[in-house]
Each structure stands twice: as structure tokens, then as C-alpha cells.
Amino acid sequence: MKPVLAALALVALAGCSSQNRDASIASTDAYDEMARYDMPAQRFDETVQQLAHATGCFVKTDLTRTAGIRVNGTQGTMSIREALETAIRGTNLEIADSEPDTIHVVIMP
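What you see is a predicted model, and the numbers here were worked out from it, not measured in a lab.

Reading the values: the criteria
Residues numbered from 1 in each chain as written. Predicted model: local features only at pLDDT ≥ 70, side-chain atom pairs only at ≥ 80, totals over all residues. Heavy atoms only, no water. Salt bridge = Lys/Arg side-chain N within 4 Å of Asp/Glu carboxyl O. Buried < 20%, exposed > 50% of the residue type's maximum accessible area, 1.4 Å probe, protein only. Axes fitted to C-alpha atoms, helices over the stretch in contact; angles between N-to-C directions. Helix = DSSP H or I, 4+ residues; strand = E, 2+ residues; numbered from the N terminus. Parallel < 35°, antiparallel > 145°, perpendicular 65-115°, else oblique. Contact = heavy atoms within 4.5 Å. Nonpolar A, V, L, I, M, F, W, Y, C, P; charged D, E, K, R; others polar. Arc of directions from axis to C-beta. Pairing = 2+ DSSP bridges.

Colleague: Looking at this model, I keep getting lost on the pattern of salt bridges. Mind explaining?
Modeller: Side chains that differ in sign of charge can pair as their charged atoms come close. Scanning the model with the defined rule gives two salt bridges in all. With a closest N to O distance of 2.9 Å, Arg 43 and Asp 45 form a salt bridge. Put simply, Glu 46 and Arg 43 hold a salt bridge, and the shortest N to O gap is 3.8 Å. For Glu 46, a relative accessible area of 31% translates into the label partly exposed. Bridged by salt links that share partners, the residues Arg 43, Asp 45 and Glu 46 form one connected network.

Colleague: What is the right way to look at the packing of helix H2 (residues 44-55) against helix H4 (residues 80-88) in this model?
Modeller: When two helices pack together, their arrangement is given by the angle between the helix axes and the distance between those axes. In the contact formed by H2 and H4, the axes pass within 11 Å of each other and the chain directions differ by 170°. With respect to H4, the element H2 is oriented roughly antiparallel. Where H2 approaches H4, its residues Phe 44, Thr 47, Leu 51 and Thr 55 are matched on the opposing element by Ile 80, Ala 83, Leu 84, Ala 87 and Ile 88. Split into classes, the residues belonging to the contact of H2 with H4 amount to seven nonpolar, two polar and no charged.

Colleague: When you look at the side chain of Gln 42 in this model, what are you seeing that I'm missing?
Modeller: Locating Gln 42 in the fold gives a position in strand S3 (residues 42-43). For Gln 42, a relative accessible area of 9% corresponds to the buried category. Beyond its immediate stretch of four places on either side in the chain, Gln 42 contacts Thr 47, Gln 50, Ile 69, Arg 70 and Val 71.

Colleague: I tried to follow H4 on my own but got confused; where do I start?
Modeller: Count 3.6 residues to each turn of an α-helix, and residues three or four apart come out pointing the same way. Along H4, the residues classified as buried are Ile 80, Arg 81, Ala 83, Leu 84, Ala 87 and Ile 88. Projected down its long axis, H4 shows its buried positions confined to an angular sector of 165°, all on one face. Looking at the residues trailing H4, positive phi occurs at Gly 90, about 85°.

Colleague: Help me understand the environment of Thr 91, please; the structure alone is not making it clear to me.
Modeller: In this fold, Thr 91 is placed in the loop between H4 and strand S7 (93-99). You can call Thr 91 buried: its relative accessible area is 18%. Each C-alpha atom, one on Thr 91 and one on Ile 69, is 8.0 Å from the other, the two residues being 22 residues apart in sequence. Thr 91 has contacts with Ile 69, Arg 70, Val 71 and Met 108, leaving out every residue within four places of it along the chain.

Colleague: Would you explain the environment of Ala 54 in this entry?
Modeller: Considering the arrangement of structural elements, one finds Ala 54 in helix H2. What makes Ala 54 partly exposed here is its relative accessible area of 22%.

Colleague: I would appreciate a short explanation of the pairing of S7 in the present structure.
Modeller: Note: S7 against strand S8 (residues 102-107), six bridges, orientation antiparallel. Paired with Glu 99 across the strands is Thr 102, a residue of S8. Once S7 ends, the chain turns through two residues before running back antiparallel as S8, passing Asp 101 with a positive phi of about 75°.

This is the structure:
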């Protein structure tokens, strides 16, 4: 059981919070709310950690497979979904699905 738990990582804080967000922007899904990002090109695990800390949203991924993949830098005001899409554009990562407060990223086959 431990290898399975270790293989599937859930990077997050407790749910999506509204801190560091523009309160004038309304959204039905927390991961579509706007925030300011300024992240360099770096490993995927570093980017996911920064996104989770900045927004409080969960990013579900298998870090044993995705952690070391190099992703793009992300600058500007956008949703966590847009920031994640910008970061993984041109890589073999994709957003597989999302639910309220959770985005699941996988390696494309």
C-alpha cells in the first residue's frame, strides 16, 4: 500500500482559498479565479508547489513520473488552470480532468 500512496501525490493546501485573488472577479469554480503569477521555467513539481501555495488549489499528479519534467515559465494575471496550461504547453503533460478545487495532470501516452 505504501508504494501506491507514495506514487500518487496530491500537492495542495486545504482546498482553494481566495487569498491573493482579485475579489472583484466572480467565478463558479475556485480554480478559475484570477491570481498573479511570476514563475520561471523550472521542474513541474516546483511549479505545482508554487501554484498550490499561491491558490490553495489541489493539483493531483503522479510525481514519480511528472516531477522532473521541465515546464515553461508563467507570468501574468490568470486562473490557476490558465497558469498550469501555460506551464505545461509543449510538454507531454496534460490536464486529464478537473473537479471543484482539484486539477489532475498526467503524462500523455
